[in-house]
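Each chain, written out:
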Amino acid sequence: MGFCEERLMPLYHYCGNDAFLSILKSKCVRLSDLSMSNDYMEGKWIRDRVLERLPEHNIGCAAKNFIEENITKYTTIIGGVGFCLSEEGDLLSQWRGYADDGSGVSIGFNKNRLGGLGFGTELCKVQYNTESQLSIADSLIGGVKDALPEDFSGSDNGIYAHDANDEIFRYINHLYRMKNPSFYEEKEWRLLRAVAANPDCSNELHFMDFKAKGGGIAPYVDVSLGSDIEDIIKNDVIEEVFLGPRNTTPPKVVKGVLDKYGFPKVEVKNSAASYR
């Protein structure tokens, strides 16, 4: 199964009405380039935690340089696309930031169904806790230290450097699972897929689609919510929908839309937020 932690409650995706209708019609969710999100430290947070902890470890200069060079390299060539969700289905800051200033919806997805979609995706909880982040960084540094000989002098040490590099790569799955603690209120989970973009060996961008976004071009991939329409309806992948505090659509109309596109069991609720 492609999920990292247990959770019983739905996970909510905030979006505008256009995106909502697109999900219902296509029976897909879109994983978008996380490096182009509103957090400019996306994909770089573990690197900074590792560099922060390096001076606290008793390892030689060559080993420190090796870690700095390779953790920086991987944060450059490994990207991530994700479908972002929250544990909270009716949160004012989320409405304002991600759902057309409260005019959109939040879609409550069944966590177990999302975790089992496959296509190289994993459903993961974002880590905000500083102590946990530093502990992961310490484990990475310790693993590299154990893989290198005490007299390590540089990358020319053949098999040792290769093993140490593997240790660093084991932690690459944390690139897009850590965020600045100031984002804690979002209580974010992600349906995540790593994307290698190294022209010298593996460039998975060939398998992505692309869209114009702002002043640039961003990769994305659409992931089906099930093998077919019967599978999607049977598995109740969408459990409920909240209408934003500024969404003027009558709940009965949204219920009709859900019925039309194959989601007849979904409950529709109004936001409790008194925002205009």
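Look up a bit, the structure's there.
Residues numbered from 1 in each chain as written. Predicted model: local features only at pLDDT ≥ 70, side-chain atom pairs only at ≥ 80, totals over all residues. Heavy atoms only, no water.

Caption draft 1: Quick look at the side chain of Asn-70. By the secondary structure assignment, Asn-70 is in helix H3 (residues 61–77). Taking the relative accessible area as the measure of exposure, Asn-70 reaches 3% and is therefore buried. Residues within four places of Asn-70 in sequence aside, it is in contact with Asn-165 and Ile-168. (Helix = DSSP H or I, 4+ residues; strand = E, 2+ residues; numbered from the N terminus. Buried < 20%, exposed > 50% of the residue type's maximum accessible area, 1.4 Å probe, protein only. Contact = heavy atoms within 4.5 Å.)

Caption draft 2: Highlighting the packing of aromatic side chains. What the rule picks out here adds up to six aromatic pairs. Here the aromatic rings of Phe-66 and Phe-152 are separated by 5.6 Å at their centres, their planes lie at 85 degrees, and the arrangement is edge-to-face. Placement of the pair is Phe-66 in helix H3 and Phe-152 in the loop between helix H6 (130–147) and helix H7 (159–170), with a sequence separation of 86 residues. For the pair shown, Phe-66 and Phe-152 are each scored as buried. Ring centres of Phe-83 and Phe-109 lie 5.6 Å apart, and the angle between their planes is 85 degrees; this geometry places the pair in the edge-to-face category. Of this pair, Phe-83 sits in strand E3 (residues 78–86) while Phe-109 is found in strand E4 (residues 105–109), placing the two residues 26 residues apart along the sequence. Phe-109 matches Phe-83 in its accessibility class, with the two residues each being buried. One Lys or Arg, Lys-73, reaches over the ring of Tyr-74 and ends 5.0 Å from the middle of that ring. (Phe/Tyr/Trp six-rings, centres within 6.5 Å; stacked < 30°, edge-to-face > 60°. Lys NZ or Arg CZ within 6 Å of the ring centre and 35° of its normal.)

Caption draft 3: Highlighting the packing of H3 against H6. For the pair H3 and H6, interaxial distance at closest approach is 11 Å and the crossing angle is 120 degrees. One finds that H3 runs oblique with respect to H6. Between H3 and H6 lies a crossing of right-handed hand. Counting all contacts with H3, which are made through Phe-66, Ile-67 and Ile-71, the residues of H6 involved are Leu-140, Ile-141 and Val-144. Taken together, the residues of the contact of H3 with H6 break down into six nonpolar, no polar and no charged. (Axes fitted to C-alpha atoms, helices over the stretch in contact; angles between N-to-C directions. Parallel < 35°, antiparallel > 145°, perpendicular 65-115°, else oblique. Left-handed = near helix turned anticlockwise from the far one by under 90°. Nonpolar A, V, L, I, M, F, W, Y, C, P; charged D, E, K, R; others polar.)

Caption draft 4: View of the side chain of Glu-42. Relative to the assigned elements, Glu-42 resides in the loop between strand E2 (28–33) and helix H2 (45–53). Reaching out from Glu-42, the side chain makes a polar contact with the side chain of Arg-190 at a distance of 2.2 Å. Apart from residues no more than four positions distant in its own chain, Glu-42 is found in contact with Leu-34, Ser-35, Ser-37, Tyr-176, Lys-179 and Arg-190. (Polar contact = N/O pair within 3.5 Å; in protein donor to acceptor, adjacent residues only side chain to side chain.)

Caption draft 5: Up close: the nonpolar core. One finds Phe-20, Ile-107, Phe-109, Leu-225, Ile-238, Val-241 and Leu-258 to be the most contacted residues of the largest nonpolar core, which totals 33 residues. Core analysis: the second largest hydrophobic core is formed by 32 residues, Phe-66, Tyr-171, Ile-172 and Leu-192 among them. (Core = buried A, V, L, I, M, F, W, Y, C linked by side-chain atoms within 4.5 Å.)

Caption draft 6: The arrangement of the environment of Gly-262 in detail. Locating Gly-262 in the fold gives a position in the loop between helix H9 (251–260) and strand E10 (267–270). Sequence separation between Gly-262 and Gly-216 is 46 residues, and the spatial gap between their C-alpha atoms is 35 Å.

Caption draft 7: Region of interest: unusual backbone geometry. Although it is not a glycine, Lys-27 adopts a positive phi angle of roughly 60 degrees. Here Lys-27 lies in the loop between helix H1 (17–26) and E2. The backbone of Lys-187 shows a phi angle near 45 degrees, a positive value even though the residue is not glycine. Considering the arrangement of structural elements, one finds Lys-187 in the loop between H7 and strand E6 (188–196). Lys-187 sits in the partly exposed class, given a relative accessible area of 27%.

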